[in-house]
Amino acid sequence: MIDPEPEENSGTEEGAPPAPRPEFILYLGGHDYEDALFQLVEWTHNVLLPVYGREITSTALWCSRWWEHPEAVAQLHGLWLAWAELSNPAQDMTGPAAWHRDFLGPVMATLRDPMGPFAGCKPGNHRPKEVPQMESPFVAVGA
């Protein structure tokens, strides 16, 4: 099992602060982002995909370079954080069932949807997505 972040202090000692909780990956930058992405890749490739990675079809896509899709990284990181909390043996024993029902199904359906973040990708052929064009709401009027 890959933990989101090693616990330095369990917070069970009287007066001790609680252990630091992992930050959502989109809030991170530099080495912190790289470290979180490395852990996410480890979990995705060693836990998620071997168990839940179904066959790739035209209606159930997957990109072999998923980490280059920011939406996929964000969705999978959220899924991983929920898995880490809900599969913890110290938590409620219904956690894994809740994870499957509330998190796994919706995230995988979103990622693998033909209009999802991997649209245009094919096995062994990554296609980067274009960010939608945006206009600034702060354009000077009458300039």
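Here the structure is shown first, and the text comes after it.
Throughout what follows, the structure given in this document is the object of discussion. Here the structure is a predicted model, which is why all the values come from computation and not from measurement.

1. So, helix 1 (residues 30-52)
Of all bends in helix 1, the biggest is about 40 degrees, found at T44. For helix 1, the full list of buried residues reads A36, L37, L40, W43, T44 and L48. Packed against the buried residues of helix 1 are helix 2 (70-86) and helix 3 (95-112).

2. Regarding the environment of A109
Examined against the element boundaries, A109 turns out to sit in helix 3. As a C-alpha pair, A109 and L61 span 48 residues in sequence and 9.6 Å in three-dimensional space.

3. A few points about the pattern of salt bridges
Following the criterion strictly, the structure yields 2 salt bridges and no others. When the shortest N-O distance is used, the salt bridge between R65 and E68 registers 2.2 Å. As a salt-bridge pair, D102 and R101 come within 2.6 Å of each other at their nearest N and O atoms. Given a relative accessible area of 37%, D102 falls into the partly exposed group. Residue R101 is classed as exposed on the basis of its relative accessible area of 59%.

Criteria and thresholds
Residues numbered from 1 in each chain as written. Predicted model: local features only at pLDDT ≥ 70, side-chain atom pairs only at ≥ 80, totals over all residues. Heavy atoms only, no water. Bend = angle between axes of the 7 residues up to and from the residue. Helix = DSSP H or I, 4+ residues; strand = E, 2+ residues; numbered from the N terminus. Buried < 20%, exposed > 50% of the residue type's maximum accessible area, 1.4 Å probe, protein only. Contact = heavy atoms within 4.5 Å. Salt bridge = Lys/Arg side-chain N within 4 Å of Asp/Glu carboxyl O.

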